[in-house]
Amino acid sequence: MKIKIKNIQYWFLAFDLMLVLGALGLSLGLRYAGTEETISFATRFQSYSVVVFVAIVAWTFLHFEMSLDGFRGGWHFPSILSNLIVADSLLMVVVLAVAFLTQHNYSRLVLFYFSLFFLLGLVSVRCAARFLVSSQLRNLADHRCVILGHGPVAQELASKIAFHPELPFHVVGFLFPGESEVFNGFASSLEAPFRSVKTLQVLELLGKEKVQKLIIAMPQPSGTEVRKLIAGCRMASIQVYLVPEWYDLYLSKAELVEIDGLPLLSLQERNPHAISFAVKRTMDFVLSAGILVLVSPILAVAAFVVRSRKGRAFRTELRCGKDGIPFGMYRLNVERHATSPERYERLLVRWSLTELPQLWNVLSGDMSLVGPRPESPERIKYYSEWQRQRLKVHAGVTGLAQVRGLREQHPSEDKARFDLQYIFNWSPLLDLSLILQSVWTLIIRGLSQEPVPAQAASVVRTSNDFRTREVPDVNRS
């Protein structure tokens, strides 16, 4: 059985809706097990028909609104689990609201069991689907592919494919031109030994390695040798895919339009409605005020300790927010990168307690709870044009890049890719999911020593004018 990728979202929805019935039946059976049954199970199940109807309608909406199939955005289990928890919680809010309005006296224990069993079923289905598509697609020889290119786009493409097990691609290496003589040949980093080869030999090598797909991810693939390689691949029945040159226009939605066989790439700008900003600002104010009330005892103790040791509890650092406007970002007066920090400083940094004062920045409107992390004016001076697009929204206390493990010491370009992805796909539900992921990330990091960032595992060899880079296979680790 082969799964059609374009229909995978509908397959997940069908399984989810069946889980609604299964979770409710299991909840009723568990709740009334061992009791003297005066009402048949069928009658009792029928009495919860309103719950079934509301759950099916609400979950269908949430499924498409939050992309709950589990593969959108890449397989990242904390993200998937957070999305499902948020969606399951919202579903129960809707069910309880409808039950109240229709004056149905449902068992609270049944609804609790239903919420729990439904969530467990959702997670299980997605884990099983991930295992299924990985075993079906990744091990098939006709999905072996090579990326033509070695720049940031090529590396990002390989990384995205690695986190999408449902895609029919298995990257086995890269090809790219030599640097001293433009397009005079290619170097391979396939699973074969390194060697310099000409275009015709590249085709032989691809055939020997049973490569069936070639992805072109070069800024300007217009060289004569590249064209010859593409033509040769097509003649050898090797599928060719092309990443558009203007791929860096992240905040534009690309749509392919064809006019009598001539392909046009339509770039549609995403312009959120003013009500979206109002909703986000309201969420920021309410949630940050609630969080500040909850953590105020912890913040007070931390501030007292810092003040007793350093004479000053808080400090401000100059950062750039929306539209690049500078503002003073609050922090506890602790050096995060001190060479010999005291024990209390390491504890505060490890649990990110130094960042709690930024909730005041959120309340004042300088920052948002979720968004791109603010950076210094010195760093922003070196932004490229597309990196500046992350300044279109308010900076955040946390963000998509942070829950994916990127910190201040990582390159701005790496963080910008996640930040622009967040901006393009923003929704209130995404903010709730990222806040929950941030809590889990914080707990995991706080309970375990943060490892020293390792240098990227790469080997670069040189032979005349050709280079190859061997990149570890993420899927095998």
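Just above sits the structure.
Notes on the structure in this doc start here. (Residues numbered from 1 in each chain as written. Predicted model: local features only at pLDDT ≥ 70, side-chain atom pairs only at ≥ 80, totals over all residues. Heavy atoms only, no water.)

Considering the overall build of the chain
Across its full length, the chain holds 15 helices and 14 strands. A total accessible area of about 26,100 Å² is found for the chain, and carbon and sulfur atoms account for 62% of it. (Helix = DSSP H or I, 4+ residues; strand = E, 2+ residues; numbered from the N terminus. Areas by Shrake-Rupley, 256 points an atom, 1.4 Å probe, with all protein chains shown as cover.)

As for the packing of aromatic side chains
According to the stated counting rule, one finds 8 aromatic pairs in the structure shown. Considering the side-chain rings of Tyr 113 and Phe 117, the 6.1 Å spacing of their centres and the 25° angle between planes classify their relative orientation as stacked. Of the two residues, Tyr 113 and Phe 117 are both situated in helix 5 (residues 108–137); the distance of 4 residues between them amounts to about one turn of the helix. Feature note: the residues Trp 59, Phe 114 and Phe 118 constitute an aromatic cluster, connected by ring pairs. The side chain of Arg 44 reaches across the aromatic face of Tyr 32, ending 3.7 Å from its centre. (Phe/Tyr/Trp six-rings, centres within 6.5 Å; stacked < 30°, edge-to-face > 60°. Lys NZ or Arg CZ within 6 Å of the ring centre and 35° of its normal.)

A few points about the pairing of strand 9 (residues 314–320)
Relative to strand 10 (residues 326–332), strand 9 runs antiparallel, the two being bridged by 7 bridges. Looking at the pairing, Leu 318 lines up with Gly 328 of strand 10. The turn joining strand 9 and strand 10, which pair antiparallel and follow one another in sequence, is formed by 5 residues; a positive phi near 60° is taken by Asp 323. (Pairing = 2+ DSSP bridges.)

Let's talk about the packing of helix 9 (residues 274–310) against helix 10 (residues 343–350)
The packing of two helices is summarised by the inter-axis angle and the distance between the axes. Two numbers describe how helix 9 lies on helix 10: the axes approach to 11 Å, and their chain directions differ by 145°. Seen along the crossing, helix 9 lies across helix 10 with a hand that is left-handed. For the pair formed by helix 9 and helix 10, the contact residues are Ala 302, Val 305, Val 306, Arg 309 and Lys 310 on the first element and Tyr 344, Glu 345 and Leu 348 on the second. Among the residues making up the contact of helix 9 with helix 10, the classes are represented as 5 nonpolar, no polar and 3 charged. (Axes fitted to C-alpha atoms, helices over the stretch in contact; angles between N-to-C directions. Left-handed = near helix turned anticlockwise from the far one by under 90°. Contact = heavy atoms within 4.5 Å. Nonpolar A, V, L, I, M, F, W, Y, C, P; charged D, E, K, R; others polar.)

Description of helix 4 (residues 77–101)
Between its terminal C-alpha atoms helix 4 stretches 36 Å, which fits the 36 Å expected from 25 residues at 1.5 Å a residue. At the C-terminal side of helix 4, Gln 103 shows a positive phi close to 60°. (Expected span 1.5 Å × (residues − 1).)

Considering the nonpolar core
Grouped together as the largest cluster of nonpolar side chains are 41 residues, with contacts concentrated most on Tyr 48, Trp 59, Leu 62, Leu 84, Leu 91 and Phe 114. Those elements that place two or more of their residues in this core are helix 1 (8–31), helix 3 (49–65), helix 4 and helix 5. Top element by residues in this core is helix 5. It accounts for 10 residues. Dropping the residues within four chain positions of it, Leu 62 is found in contact with Ser 67, Leu 68, Ala 87, Leu 90, Leu 91 and Leu 429. Listed in part, the 31 residues of the second largest apolar core include Leu 348, Leu 369, Leu 400 and Leu 420. (Core = buried A, V, L, I, M, F, W, Y, C linked by side-chain atoms within 4.5 Å. Buried < 20%, exposed > 50% of the residue type's maximum accessible area, 1.4 Å probe, protein only.)

Here's the deal with helix 15 (residues 428–447)
With 20 residues, helix 15 extends 29 Å from end C-alpha to end C-alpha; this agrees with the ideal 28 Å at 1.5 Å per step. Taken residue by residue, helix 15 has Leu 429, Asp 431, Ser 433, Leu 434, Gln 437, Ser 438, Arg 445 and Gly 446 as its buried positions.

Examining the side chain of Arg 445
With respect to the helices and strands, the residue Arg 445 is situated in helix 15. Engagement of the side chain of Arg 445 in a polar contact is seen with the backbone oxygen of Arg 350, the distance being 3.3 Å. (Polar contact = N/O pair within 3.5 Å; in protein donor to acceptor, adjacent residues only side chain to side chain.)

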